[in-house]
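What the coordinates show
Listed here are the chains, written in short residue letters.
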Amino acid sequence: MDLAPASASAQPGELTVLGLESSCDESAAAILRRHPDGRIEVLADLVLGQTEAHAPFGGVVPEIAARAHAEAMDGLAAAALAEAGLSLDALDAVAATSGPGLIGGVMAALMTAKGLALGAGKPLIAVNHLEGHALSPRLSENLDFPYLLLLVSGGHTQLLIAEAVGVYHRLGSTLDDAAGEAFDKTAKVLGLGFPGGPALERCAEAGDANRFDLPTPLKGKPGCDFSFAGLKTAARQIWDGLDAPSAQDKADLAASVQAAIAASLASRTRRAMAQFAEEYPDVDGPRPLVVAGGVAANRTVRTALEAAAAQEGFRLVAPPMKWCTDNAAMIALAGLERLARGDTDGLDAPARARWPLDAASAKLAPVIGSGRKGPKA
């Protein structure tokens, strides 16, 4: 699906969707158009971050995030329509993240979308935020199903087979922390500021990734699950054990942690590649390994996955950097994909704190437990 120059006038057979996103600390609105031949046209793509609001606390504060989303969402939706040169009447549907995420934030985009859909008489599409990430490479590449998916972000680290829109089969998930959480919490220990993942990557550029001996999570263990809690704890113990650590110590530890996370992701993903190849032996050419989510923007992680994919007869597919982190273009795309299949939602669609992509596996075999809000993974 090649990106085409924006054009406000729709033609017969085209679908145009406004997407809204507010699951964590980015408020976003985007308008996408799908042409009859499958081309995706981005008519507007706006993201409003909250870094300054959360930086003093070293992490996202849910109440602050929810209030900022509520204040911004109406204006972002209006700005996206203005940038696209469209009225609400020109839309075919309104899509919004319905979960998973910080529930107060999720409600901001979802309630705005419900109001717009009701007022304009348009269908509502409640989008799983994780499915937005899962489909995000299709914003810029003609990617067919099935494909192997590594979804790796601040809150999620999972390996799944994407069989079709809405059909995902979980191969593995994290047993404790997500990879992005390990990045962020290590950055906080090192005093690198917020957001932690990008700050640690910048710090690691001057470091020696071989200096510190860190554990290899789940080394030799069967299956495709992940674990990062022990790695995070080991990094803290090394840092606390240094006598008056220097800037070079900080850079070396950042580089070592980054390399260890990348190596773990690549190692466990190799197992999933073998399983995917066994289940789909007739895929023509190199099989696709998709990496999506905020951690997919990390260059060291991409390099490790690219090398592993090449060795296993796969090719690495990733969205452009701007669509790795939370955005509304991926939500609008998921809305387009579902609208094309005739899938819409009622105005009673709930906001969800948890919403696994493979709900059946999550319910039958939750990796890290299930609570009042549902299975975690």
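Remember, it's a predicted structure, so these values are computed and weren't measured experimentally.

As for the environment of Leu-200
- Note on placement: Leu-200 falls in helix H6 (residues 196-204).
- On the accessibility criterion, Leu-200 (0% relative accessible area) is buried.

Here's the deal with the nonpolar core
- Formed by 46 residues in total, the largest nonpolar core has its most connected members in Leu-148, Phe-228, Ile-261 and Leu-265.
- Broken down by element, this core gets its largest block of residues, 13 residues, from helix H8 (residues 247-279).
- Once you skip the residues sitting within four places of it in the chain, Leu-148 turns out to touch Leu-160, Ile-161, Leu-171, Ala-272, Met-273, Phe-276, Pro-288, Leu-289, Val-290 and Phe-314.
- Judged by nonpolar contacts, the second largest core, of 36 residues, contains Leu-32, Leu-149, Tyr-168 and Val-317.

Quick notes on helix H9 (residues 299-311)
- The end-to-end C-alpha distance of H9, which contains 13 residues, comes to 18 Å, matching closely the 18 Å that a straight helix rising 1.5 Å per residue would cover.
- Val-301, Arg-302, Leu-305, Ala-308 and Ala-309 are the residues of H9 that are buried. Angular distribution of buried residues about the axis of H9 spans 135°; they occupy a single face of the element. For H9, exposure combined with an orientation more than 90 degrees from the buried face picks out Thr-303, Glu-306, Ala-310 and Gln-311.
- Residues of H9 that are buried in the fold lie against strand E6 (147-152), helix H5 (179-189), H8, strand E9 (287-292) and strand E10 (314-317).
- Between the side-chain oxygen of the N-cap and the backbone nitrogen of Thr-300 there are 3.0 Å, and the N-cap of H9 in question is Asn-298.
- Positive backbone phi, at 80°, marks Gly-313, one or two positions downstream of H9.

What to know about the packing of aromatic side chains
- Counted according to the given criterion, the structure contains four aromatic pairs.
- On the numbers, 5.3 Å between centres and 15° between planes, the contact of Phe-145 with Tyr-147 is stacked.
- According to the relative accessible area criterion, Phe-145 is partly exposed, its value standing at 25%.
- Taken together, the ring pairs connect Phe-276, Tyr-280 and Phe-314 into an aromatic cluster.
- Over the aromatic face of Trp-323 sits the side chain of Lys-322, whose NZ or CZ is 4.6 Å from the ring centroid.
- Taking the ring centre of Trp-355 as reference, the NZ or CZ of Arg-352 above it sits at 3.9 Å.

What to know about the sheet that holds strand E1 (residues 15-21)
- Strand order in this open sheet of five strands is E3-E2-E1-E4-E5, and the pairing throughout is mixed. Across the chains shown, the open sheet's two edge strands, defined by having one partner strand only, are strand E3 (40-49) and strand E5 (124-128). Direction aside, the axes of adjacent strands within the sheet are offset by 20° on average.
- Bridge analysis of strand E4 (residues 93-99) against E5 gives five bridges, and the strand direction is parallel. For Ala-95, the partnering residue across the bridge sits in E5 and is Ile-125.
- On top of the sheet, helix H3 (residues 103-120) reaches E1, E4 and E5; it is set at about 155° to E4, its chief contact.

Things to note about the side chain of Arg-302
- Mapping Arg-302 onto the fold places it in helix H9.
- Although Arg-302 is buried, it forms no salt bridge, and the closest oppositely charged side chain is Glu-306 at an N-O distance of 8.0 Å.
- Excluding residues within four positions of it along the chain, Arg-302 makes contact with Ala-296, Ala-297, Leu-316, Ala-318, Pro-319, Pro-320, Met-321 and Cys-324.

Here's the deal with the sheet that holds E9
- The strand order across the open sheet formed by five strands is E8-E7-E6-E9-E10, and the pairing between neighbours is mixed. Strand pairing shows two members of the sheet lacking a second neighbour, strand E8 (167-173) and E10, which therefore form its edges. Averaged over all pairs of adjacent strands, the angle between strand axes in this sheet comes to 25°, irrespective of strand direction.
- Relative to strand E7 (residues 157-164), E6 is paired through six bridges, and the arrangement is antiparallel.

A closer look at the pattern of salt bridges
- Summed over all chains, the structure comprises 16 salt bridges.
- One salt bridge in this structure joins Glu-131 and Arg-338, with 2.9 Å as the shortest N-O distance. Highlighted residues: Glu-131 in helix H4 (residues 129-135) and Arg-338 in helix H10 (residues 329-340), separated in sequence by 207 residues.
- For Glu-337, the salt bridge identified is with Arg-138, shortest N-O distance 2.9 Å. Residue Glu-337 is found in helix H10, and its partner Arg-138 is found in the loop between H4 and E6; the two are separated by 199 residues along the sequence. For the pair Glu-337 and Arg-138, a shared accessibility class is recorded, and that class is buried.
- Each of Glu-131, Arg-338, Arg-341 and Asp-343 takes part in salt bridges that share partners, so that together they form one network.

Thresholds applied
- Each residue is numbered by its place in its chain's sequence as written, counting from 1.
- Note on the predicted model: pLDDT of at least 70 is required for a residue's local features to be given, and 80 or more for side-chain atom pairs to be given and counted; whole-chain, interface and lining totals, by contrast, use all residues.
- Each side-chain value is derived from all of the structure's non-hydrogen atoms; neither hydrogens nor water enter the calculation.
- Comment: elements are numbered from the N terminus, with helices defined as DSSP H or I runs of at least four residues and strands as E runs of at least two.
- Under the scheme applied here, a residue whose accessible area is under 20% of the maximum for its type counts as buried, over 50% as exposed, and between as partly exposed, the area being computed with a 1.4 Å probe on protein chains only.
- The term nonpolar core refers to a set of buried residues drawn from Ala, Val, Leu, Ile, Met, Phe, Trp, Tyr and Cys, joined through side-chain atoms within 4.5 Å.
- Note on definitions: a residue-residue contact is assigned when non-hydrogen atoms from the two residues lie within 4.5 Å.
- Expected span, for any helix, means 1.5 Å times one less than how many residues it has.
- When we speak of the arc, we mean the arc of directions from the helix axis to the C-beta atoms.
- For the purposes of these results, a polar contact is taken to be a pair of N or O atoms within 3.5 Å, where, inside protein, one atom must be able to donate a hydrogen and its partner to accept one; residues adjacent in sequence count only when each atom of the pair is a side-chain atom.
- Centres within 6.5 Å make a pair out of two Phe, Tyr or Trp rings, where for Trp the six-membered ring is used; the pair is then stacked when the planes are under 30 degrees apart, edge-to-face when over 60, and tilted otherwise.
- Whether a charge lies above a ring is judged from NZ of Lys or CZ of Arg, which has to be within 6 Å of the ring centre and within 35 degrees of the ring normal.
- Strands are labelled as partners when DSSP assigns at least two bridges between them.
- Axis lines are fitted through C-alpha atoms, for helices just across the contact stretch, and the angle between N-to-C directions can take any value from 0 to 180 degrees.
- A positive count includes Lys and Arg, and a negative count includes Asp and Glu. His and the chain ends are not counted in either.
- Each reported salt bridge corresponds to a side-chain nitrogen of Lys or Arg within 4 Å of a carboxyl oxygen of Asp or Glu.

It is worth stressing that arrangement in space is one thing and function is another; only the former is reported here.
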